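The residues making up each chain are set out below.
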Amino acid sequence: MKKPVKKVLYGHEEQKYYWSEGDVHLQSGVIKEKELKDGKVKTHLGKEFICMPANFIDRSERIERGPATIHQKDIGIILANIPLDAKAKILDAGTGCGLLAAFLARVSKNVTSYDNNEKHLEIAKRNMQLLNVKYKVKKKDIYEGIEEKNLDVITLDLPEPWRVLPHTEKSLKAGGTLVAFLPHISQVERLITEARKKFVVVKTCEVIEREWIVDPPKLRPNHQGLMHTAFLVFLRRH
């Protein structure tokens, strides 16, 4: 099992390195474990780095991936468009490596995640320890039904989310939010067409991220960006 990230080292030109244990071996030299204190540190060759304690985001970037995972840019828009608080009752389906469930569980104390793949659930459990969060995991196919009732939010990272709609009538609160993460517009079309019978379509969007280079005299957008990963569909039940 991976060790949780404890420190982050920042070097020249936004180089970033993660440290869990032992000495740090870099192309620019070695930093002994006993010298890894917060602030400025140097390799044995004199190269300077800034050392600081790792936070949740740092640790999330070094989790065990396994299945394809949702990107932070998409997680951010999900968190901003759901009724998320400590009491929110949330069901996440399509656990994968557990990254979205982990972000949800940082706020809500009542998150459950379904996946019908045992290997994915084991990865999610290990990542739960790395990220120091807690949520329930169940080996279950949501297409076959939902055990939880009175849910505030359902998040779906599944190829056929419309198959979940019949189960939401008894599980999702009136006014509750359903979010679907879908790579293809054909999936979006079918979900929205079928959902309009019982749901209000709040929003369909995608998030495109492009960083900027701010290193005078270079002040420009990066030539590359994190472009289309998926469409996000937000629905609220009548």
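Our subject is the structure that appears above.
Description of the structure in this document. (Residues numbered from 1 in each chain as written. Predicted model: local features only at pLDDT ≥ 70, side-chain atom pairs only at ≥ 80, totals over all residues. Heavy atoms only, no water.)

A few words on the sheet that holds strand S6 (residues 48–53). Taken together, four strands build an open sheet; the order of strands is S2-S1-S6-S5 and the sheet is antiparallel. Lying at the two open borders of the sheet, with one neighbouring strand each, are strand S2 (16–19) and strand S5 (39–42). Taken pair by pair, the neighbouring strands of this sheet meet at an average axis angle of 35°, ignoring direction. (Pairing = 2+ DSSP bridges. Helix = DSSP H or I, 4+ residues; strand = E, 2+ residues; numbered from the N terminus. Axes fitted to C-alpha atoms, helices over the stretch in contact; angles between N-to-C directions.)

Pairing between strand S8 (residues 110–115) and strand S9 (residues 136–139): four bridges, direction parallel. Across the sheet, residue Asp 115 finds its bridge partner in S9, namely Lys 139.

If you check which residues of helix H2 (residues 72–80) are buried, you get Lys 73, Asp 74, Ile 75 and Ile 78. Elements in contact with the buried residues of H2: helix H3 (99–105), strand S11 (172–182) and strand S15 (231–237). (Buried < 20%, exposed > 50% of the residue type's maximum accessible area, 1.4 Å probe, protein only. Contact = heavy atoms within 4.5 Å.)

This brings us to the nonpolar core. Soluble globular proteins tend to pack their nonpolar side chains together in the buried interior. Counting residues in each nonpolar core, the largest one holds 30 residues, and the members touching the most others are Ile 78, Val 133 and Tyr 135. Taken together, the elements giving at least two residues each to this core come down to H2, H3, helix H4 (118–131), S11 and S15. The element that contributes the greatest number of residues to this core is H3, accounting for seven residues. Contact partners of Tyr 135, with chain neighbours within four places excluded, come to Thr 95, Gly 98, Ala 101, Ala 102, Ala 105, Val 111, Ser 113, Ala 124 and Met 128. Membership of the second largest hydrophobic core comes to 25 residues, among which are Tyr 143, Leu 165, Leu 172 and Phe 231. (Core = buried A, V, L, I, M, F, W, Y, C linked by side-chain atoms within 4.5 Å.)

Another point: the sheet that holds S9. An order of S9-S8-S7-S10-S11-S15-S12 is seen for the seven strands of this open sheet, with the pairing classed as mixed. In the strand order of this sheet, the two ends are held by S9 and strand S12 (199–205), each with one partner. Mean inter-strand twist for the sheet, computed between neighbouring axes without regard to direction, equals 15°. Here S12 runs beside S15; their pairing, made up of six bridges, is antiparallel. Along S15, the bridge assignment pairs Phe 199 with Arg 237. Sitting on the sheet, H2 touches S11, S12 and S15, and the angle it makes with S15 is about 20°. Contacts from helix H6 (residues 185–195) reach S11, S12 and S15, with the element oriented near 5° to S15.

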